[in-house]
Amino acid sequence: MYFTENYISRFTSITLYLSILFQPYTANADHDSNRHKEEANMSFMKHLTIIKALLVLTLTLPVSAGEKTLPDPDGKPADLSKPVQVYILLGQSNMLGAGKIKGGDGSLGHAVKEKNLYPYLVDKAGNWTERKDVRNVRVMGSGTGGMRGFNNEWMTIKGGKIGPEFGIGHHVGTAVDAPVLILKSCIGNRALGWDLLPPGGESFEFTDKKGVTWVHPGYKGSPERWVKGTEPKKIKWYAGMQYDGDIARAKKVLAELDKYYPGAKRYEVAGFFWWQGDRDSRSAALSGRYEKNLVHLIKQLRKDFNAPKAKFVCASLGQTKKGSVDGGGKILEAMLAVDGRSGKYAEFKGNVAAVYAHPLSKGGSSGGHYSGNAETYMNVGEAMGRAMVGLLKSSK
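Quick look at the structure, then. Keep in mind that what you see is a predicted model, and the values were worked out from it rather than measured.

A tally of regular secondary structure across the protein chain gives twelve helices and twelve strands. Taken over 396 residues, the protein chain has a buried fraction of 54%. Summarising the internal contacts of the protein chain: among those between residues at least 6 apart in sequence, 72% fall at separations of at least 24. Within the structure as shown, the protein chain displays about 18,400 Å² of accessible surface, and the carbon and sulfur contribution to it stands at 54%.

This is the structure:
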């Protein structure tokens, strides 16, 4: 977790409280009465318990909870003499977003206007703010089929649903002194180990609980799996078909940059955001293979966009707690393993980060799109945005 000024202020308050507590205990420690010493120690232990609880809250509460984390957008355009910094959002349905904008508790409108969360999303008049320095673009298609455009505007709340892009876009837009393009290219119900397998993804075998050994194809192989020793019967879909389509559509947007970021002439792919794993979590074979495929995905994305220094941020499934041993637990373990701070992959130090989404989720599951709770999508988006900003700062 990357510490912001809000986290630092919380620690400062706790540290001040601790320093006050220590003053009487230091005096009591030199007192001649053993009874006074015992009373002081017992009192100190009670306060220490309180301090531990406060520290836990500091680390687990979303920064957005009751705090203004970002300034309101100033409405000024970015300096177009600088190349547009492109951040590509990939994954499946929860990256697409199902957070309700209108409605009661759980909607974005209720969170902002009744709970005073995410205040940078509204101006003093209560209208949705608009960033003139961050462009919000979303395209979608099935497999390698045609491209449908859904968003192409300055970042503002519109339509009926949101994804994590608003938390991401506002944090990155505030931190980056250049034009920013948030480019989302994905569709729902896709597995990294099948539909989204990048070029170079390898075939593997998996023996299920019944003792049957299945062959899973490498990139461009078909079908999704077959029993070892039998002849595979190809279907119209192949391993990596959604990856090829999502990447091709993102590249099409970048090839027509001025259409999607008016006035822009140059761009750099600065980072990738990945929120996915629901479908892989439902397969023992694919969840067990997730770490290997995720490592390969990071490397292949950088290669495909000629962006070797681009940062990568992923987020786990919101329902999955640390210590889970099911498919979701394997997805979480894989993401924490590729995080540069884990030390497992030296080449990812300072350029790959994972967000543990469970403390940020307001309930529900990835399969049910978190019951459409907009706070979950905002909280995860903000955490991913902060993680990206942390990586960007660490590389300077």
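Ordered by their spatial adjacency, three strands build an open sheet running β7-β8-β9, and the pairing between neighbours is antiparallel. The open sheet has two free edges, formed respectively by β7 (204-207) and β9 (226-227), since each of these has just one partner strand. Bridge count between strand β8 (residues 213-216) and β9: two bridges; the pairing is antiparallel. Within β9, the position partnered with W214 by the bridge is V227.

Taken together, the seven strands give an open sheet; going across it, the order is β4-β3-β6-β1-β10-β11-β12, and neighbouring strands pair in mixed fashion. Of all strands in the sheet, those with a lone pairing partner are β4 (148-155) and β12 (352-355), marking the two edges. The average angle at which neighbouring strand axes cross in this sheet is 20°, direction not considered. The pairing of strand β1 (residues 84-91) with strand β10 (residues 267-275) spans eight bridges and is parallel. For Y87, the partnering residue across the bridge sits in β10 and is G271. Contacting β1, β3 (131-140), β4, β6 (180-185) and β10, helix α5 (residues 165-175) runs over the sheet at an angle of about 145° to β3.

It is worth spelling out unusual backbone geometry at this point. Cis geometry marks the peptide bond from S222 to P223, where omega comes out at 5°. With respect to the element layout, P223 can be found in the loop between β8 and β9. Even without glycine at this site, H369 takes up a positive phi of about 55°. Checked against the element boundaries, H369 lands in the loop between β12 and α12 (374-394).

Reading guide: rules and limits
- Residues numbered from 1 in each chain as written.
- Predicted model: local features only at pLDDT ≥ 70, side-chain atom pairs only at ≥ 80, totals over all residues.
- Heavy atoms only, no water.
- Helix = DSSP H or I, 4+ residues; strand = E, 2+ residues; numbered from the N terminus.
- Buried < 20%, exposed > 50% of the residue type's maximum accessible area, 1.4 Å probe, protein only.
- Contact = heavy atoms within 4.5 Å.
- Areas by Shrake-Rupley, 256 points an atom, 1.4 Å probe, with all protein chains shown as cover.
- Pairing = 2+ DSSP bridges.
- Axes fitted to C-alpha atoms, helices over the stretch in contact; angles between N-to-C directions.

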